[in-house]
Structure formats: C-alpha cells, structure tokens
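# Coordinate analysis (summary)
The lines below spell out each chain.
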Amino acid sequence: MTERAYFDWNATAPLREPARAAMMLSMAATGNASSVHAEGRAARQAIEAARENVAKLTGDEAKNVTFTSSATEANMLALTPAIETAAEKRKRDKLLVSAIEHPSVLCGGRFAPEAVEKLPVTNAGLLDLHALRSALARTERPLVSVMLANNETGIIQPISDIAHIVHAANGVLHVDAVQAPGRINCRMSELGADLMSLSAHKLGGPQGAGALIRRGDIHIAEPLIKGGGQERALRAGTENVAAIAGFGAAAAVANQTDAARMTALRDRLESGLKAVTPQAIIFGQGCARLPNTTLFAVPGMKAETAIIAFDLNGVAVSSGSACSSGKVQASHVLAAMGVEPALARGAVRISLGWSTTQADVERLLDTWKNVISSLLKTHATAA
Ligand code: PLP
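Just so it is clear, the structure is predicted and the values come from calculations on it, not from any experiment.

From N to C terminus, the protein chain includes 14 helices and 15 strands. The globule rule puts the C-alpha radius of gyration for 383 residues at 21 Å, and the 21 Å found for the protein chain is close to it. Projecting the C-alpha coordinates of the protein chain onto the three principal axes gives extents of approximately 65 × 55 × 35 Å. Expressed as a percentage of the 383 residues in the protein chain, the buried residues total 56%. Relative to all contacts within the protein chain whose residues are 6 or more apart in sequence, the contacts with residues 24 or more apart total 72%. Counting only carbon and sulfur atoms, one obtains 55% of the accessible surface of the protein chain, whose full area is about 15700 Å². Of the charged side chains in the protein chain, 38 are positive and 35 negative; the average position of the first set lies 2 Å away from that of the second.

This is how it looks when you write it as structure tokens:
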C-alpha cells in the first residue's frame with residue numbers, strides 16, 4: 001500500500017518522537033508518584049519535569065499547571081461557579097461562552113443551565129464584542145470562556161481585547177487554547193487569560209492527557225474529582241505518568257514547528273483548490289487564522305462523499321468537526337457565522353502539521369482534480 005497523506009491534525013496529531021521516547025521510559029518503570037521510595041520519586045520527577053515544560057509553553061509557573069485526562073476534563077474543571085480570585089471569594093454567578101466553542105465548553109461545565117449564556121459571533125467568526133459588553137453589564141461576577149482559535153475554521157479570537165473587556169467588568173477569563181500550541185502564541189500573560197486548557201494529543205503528545213493552567217491568584221474551590229489529593233487536591237486519582245511524561249516532552253518541542261512553512265503550504269493548498277474549483281468557498285479566508293487550517297465547501301458537494309473519495313485515494317481529511325461521532329452534522333460553528341445549512345453541511349476541513357510536506361499537498365490537489373467532477377455529478381444525480 002502506498003503511504004497515506006494525513007490532513008486531520010486538528011482532530012489529532014501524530015505522536016512526536018521525544019514524546020514516544022519519554023512514554024516508553026515511564027511505561028518501563030514502576031512507581032506511584034505519591035510513594036516516597038526511589039521508584040515513586042522517579043515517577044514524581046517525570047511528572048514535575050513535564051509540568052515545567054507545559055508551564056514554559058504557556059509562560060506560567062509550573063505550580064499553576066494541573067494535569068487532567070483531556071482538555072475536555074480541563075474545561076470541566078475550569079467552568080465552575082467556584083472560581084475565586086484574590087479579590088473576590090464569592091461564587092461566579094454566570095458563565096458566558098461564545099457560540100462557536102468546542103462542545104466541552106458549550107455544555108456549560110458545572111454551571112446550572114440557566115446560568116449559561118451563549119454569545120453570538122459575527123459573520124467573520126469573531127466574538128461579537130457588543131454582545132459581550134452588554135452581557136457583562138447584566139452580570140455581577142461573570143466567568144467568560146472564549147477559545148483562542150477555532151478547531152473547525154482556524155479563526156483566531158482577539159483574546160487580549162476580550163480579556164481587557166472581561167477584566168474591566170470584574171470577570172474571569174478562561175481560554176480553550178487547544179488548537180494553538182506550535183501554531184500561534186499561547187502565552188497566558190500576553191493574552192490576558194486567567195485560565196487556559198490544553199490537550200496533549202493536539203501538540204504531539206498522547207491522547208488522554210490535558211492540562212488546566214491558572215494564573216497564580218486564581219483558586220478553584222471545587223475540584224472535579226475528589227479523593228487522594230493528587231494534583232494539589234484539584235484532580236484526585238493516581239497520575240498517568242507515561243501520558244503526562246509524553247505530554248511534557250511534546251510541549252518542550254511544540255514551538256519548534258515552522259509556522260511560516262505551514263502557512264506557505266496552506267496557501268498553496270488553497271490556491272490549488274481554487275484553481276480547480278473557483279466556486280469553492282474558503283471560510284475565514286482573509287481573517288486572522290491558524291497557519292494550518294482550511295475549511296471549505298463547494299456548492300453542490302457533500303462532505304461525506306468528498307471525505308470518502310479522498311480516503312479511497314489515501315488522503316485523510318475531515319468534515320467540519322471530527323470530535324463527536326463518525327456522522328457529518330451541520331457545524332454549529334458555521335451556523336453561528338450565518339452560513340446557509342446546505343453549504344455548511346458540505347464543509348470539508350484540511351489541517352496540516354509539522355511533518356506535512358509539499359508532496360502531500362500536491363497529492364491532495366491531484367486527488368481533488370481527479371474526484372471533483374464525480375463529487376459534483378453524484379450530488380446532481382441524487383438531487
Ligand atoms: N477544545 C478544542 C478547541 C478542541 O479542538 C478539542 C478537541 O478536538 C477539545 C477541546 C477537546 O480535547 P480533548 O480531546 O483533549 O478532550
């Protein structure tokens with residue numbers, strides 16, 4: 001079988017070599033990080049080294065990093081009324097989230113459903129700042145959650161402007177930065193974030209590990225999982241040392257990705273798509289976007305058929321969001337941007353990463369040239 005070309009990095013990235021090596025070492029060792037003997041101390045050391053690396057990636061202090069089983073869990077841990085700041089010990093009374101968040105944020109975490117308000121985005125996919133200001137004006141102690149970059153469109157939110165507005169209204173800002181590392185800046189203090197979620201498997205670590213990073217003066221008074229007191233009593237349960245070690249090793253090299261090279265490949269990809277199908281719509285083109293993400297649709301083309309045609313030709317792409325099930329549903333992100341449902345259902349996402357080559361991109365474009373007429377014909381016949 002010829003090698004496949006993988007273009008679904010926003011769903012999951014390949015394991016980085018240093019992550020694999022760190023995990024192999026940890027898996028070969030025995031030791032509970034809470035034990036005081038040498039074996040336990042070695043496990044503890046692997047976790048603390050990983051914590052340092054994740055902290056460096058976000059520019060924060062290691063003691064403010066809590067390891068979790070995923071970014072989904074980090075989001076659940078962060079989105080609680082029990083967020084205290086040094087100045088404000090009372091519970092947060094409302095959660096404001098943008099309408100384009102990942103489902104793990106949209107579900108509202110540990111807030112009662114009636115305390116969660118979804119904020120609109122503009123047609124360009126950016127948080128509507130007027131709506132944010134007016135929602136903040138109706139709330140005393142809000143927690144706001146806005147993602148740094150969208151997993152479907154790649155559109156980047158103006159987080160520092162948002163942070164400024166939220167803080168002026170006595171709010172706390174959580175940022176889901178899962179799609180950012182290795183692609184754009186995710187340093188917490190520069191962005192003005194108070195809490196930030198990361199996922200290991202999007203940056204070259206293993207699936208099943210994540211982290212919540214918080215500013216030093218933010219306190220989470222209600223852990224999600226209570227028990228043995230691990231992770232400074234914020235996340236009980238014996239630590240998954242191998243996964244954490246892999247996360248740390250991947251975090252240490254995440255910023256070695258060449259974003260300029262990725263942008264050039266992505267631009268070649270988009271111009272190639274447009275050359276074959278000038279009617280293609282590339283969502284978010286012209287906006288600040290991740291350098292690795294293209295979400296596009298061609299009127300009359302179905303996402304499922306396009307994905308299958310690519311797959312049969314050895315090219316892995318996805319529909320808008322691959323996070324939930326194998327089924328293609330109209331994307332809530334495109335719906336929030338006012339994209340017509342029929343067009344939104346046809347959206348295909350192509351996402352690149354550090355090992356994507358020019359040859360991979362050319363192969364995708366050759367496949368596109370070969371399959372497009374049948375994709376459009378299939379749909380015309382079915383209709
Ligand atoms: N947030 C965003 C923006 C994502 O893209 C994803 C996964 O695709 C998640 C959160 C959830 O991450 P995890 O798979 O670690 O639960």
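After that view, the rundown keeps rolling.
With that settled, consider helix α5 (residues 129-137). Taken residue by residue, α5 has A131, L132, A135 and L136 as its buried positions. Seen end-on, α5 carries its buried residues on one side only, within an arc spanning 130°. Exposed residues on α5 whose side chains face more than 90 degrees from its buried face are H130 and A137. With a side-chain oxygen positioned 3.0 Å from the backbone nitrogen of H130, the residue opening α5 is D128.

Further remarks concern helix α6 (residues 159-168). Since there are 3.6 residues in each turn of an α-helix, residues three or four apart along the chain are aligned in direction. Of the positions making up α6, those classed as buried are I159, I162, A163, I165 and V166. When α6 is viewed along its axis, its buried side chains cluster within an angular range of 165° and face the same direction. Counted as exposed and oriented over 90 degrees from the buried face of α6: H164 and A168. Those residues of α6 that are buried are in contact with α5, β6 (142-145), β7 (172-176) and α7 (188-191). Looking one or two residues beyond α6, the residue adopting positive phi is N170, at roughly 65°.

Below, the discussion takes up the nonpolar core. Formed by 51 residues in total, the largest nonpolar core has its most connected members in V54, F67, L132, L148, L173 and F247. Apart from residues no more than four positions distant in its own chain, L132 is found in contact with L119, L127, V144, I162, I165 and V166.

Quick look at the environment of F296 now. By the secondary structure assignment, F296 is in strand β12 (residues 293-297). With a relative accessible area of 0%, F296 lands in the buried category. With 47 residues separating them along the chain, F296 and L343 place their C-alpha atoms 9.4 Å apart. If we ignore the near neighbours within four places in the chain, the residues touching F296 are L273, A280, I281, I282, F283, M301, G346, A347, V348, I350 and W368.

What the seven strands build is an open sheet, ordered β2-β9-β8-β7-β6-β4-β5; its pairing is mixed. Either end of the sheet is taken by a strand with one partner, and the two such strands are β2 (65-68) and β5 (116-119). Each adjacent strand pair in this sheet contributes to an overall mean axis angle of 20°, direction not counted. Contacts from helix α2 (residues 38-58) reach β2, β8 (195-199) and β9 (210-214), with the element oriented near 115° to β2.

Bringing the pattern of salt bridges into the picture now. Tallied over the full model, the rule gives 22 salt bridges. Linking R44 and E48 is a salt bridge whose minimum nitrogen-to-oxygen distance equals 2.8 Å. Here the residue R44 and the residue E48 both occupy positions in helix α2, the gap between them amounting to four residues, near one helical turn. Residue class for R44 comes out partly exposed when judged on its relative accessible area of 25%. Note on E48: relative accessible area 29%, which makes it partly exposed. Each member of the salt-bridge network shares a partner with another, and the members are R44, E48, R51, E231 and E239.

This paragraph deals with the side chain of S351. Within the secondary structure, S351 sits in strand β15 (residues 348-351). Here S351 falls in the buried class, since its relative accessible area comes to 0%. Setting aside its immediate chain neighbours within four residues, S351 contacts Y6, F7, D8, W9, N10 and N292.

This part is about the pairing of β8. Counting buried positions along β8 yields five of five residues, so the element is predominantly enclosed. Bridging between β7 and β8 involves three bridges; their strand directions are parallel. Its bridge partner being in β8, H174 is matched across the sheet by L195. Strand direction decides the pairing type here: β8 and β9, joined by five bridges, are antiparallel. Counted as the bridge partner of S197 is L212 from β9.

Reading the values: rules and limits
Residues numbered from 1 in each chain as written. Predicted model: local features only at pLDDT ≥ 70, side-chain atom pairs only at ≥ 80, totals over all residues. Heavy atoms only, no water. Helix = DSSP H or I, 4+ residues; strand = E, 2+ residues; numbered from the N terminus. Rg over C-alpha atoms; globule rule 2.2 N^0.38 Å. Buried < 20%, exposed > 50% of the residue type's maximum accessible area, 1.4 Å probe, protein only. Contact = heavy atoms within 4.5 Å. Areas by Shrake-Rupley, 256 points an atom, 1.4 Å probe, with all protein chains shown as cover. Lys, Arg positive; Asp, Glu negative; His and termini not counted. Charge placed at Lys NZ, Arg CZ, Asp CG, Glu CD. Arc of directions from axis to C-beta. Polar contact = N/O pair within 3.5 Å; in protein donor to acceptor, adjacent residues only side chain to side chain. Core = buried A, V, L, I, M, F, W, Y, C linked by side-chain atoms within 4.5 Å. Pairing = 2+ DSSP bridges. Axes fitted to C-alpha atoms, helices over the stretch in contact; angles between N-to-C directions. Salt bridge = Lys/Arg side-chain N within 4 Å of Asp/Glu carboxyl O.

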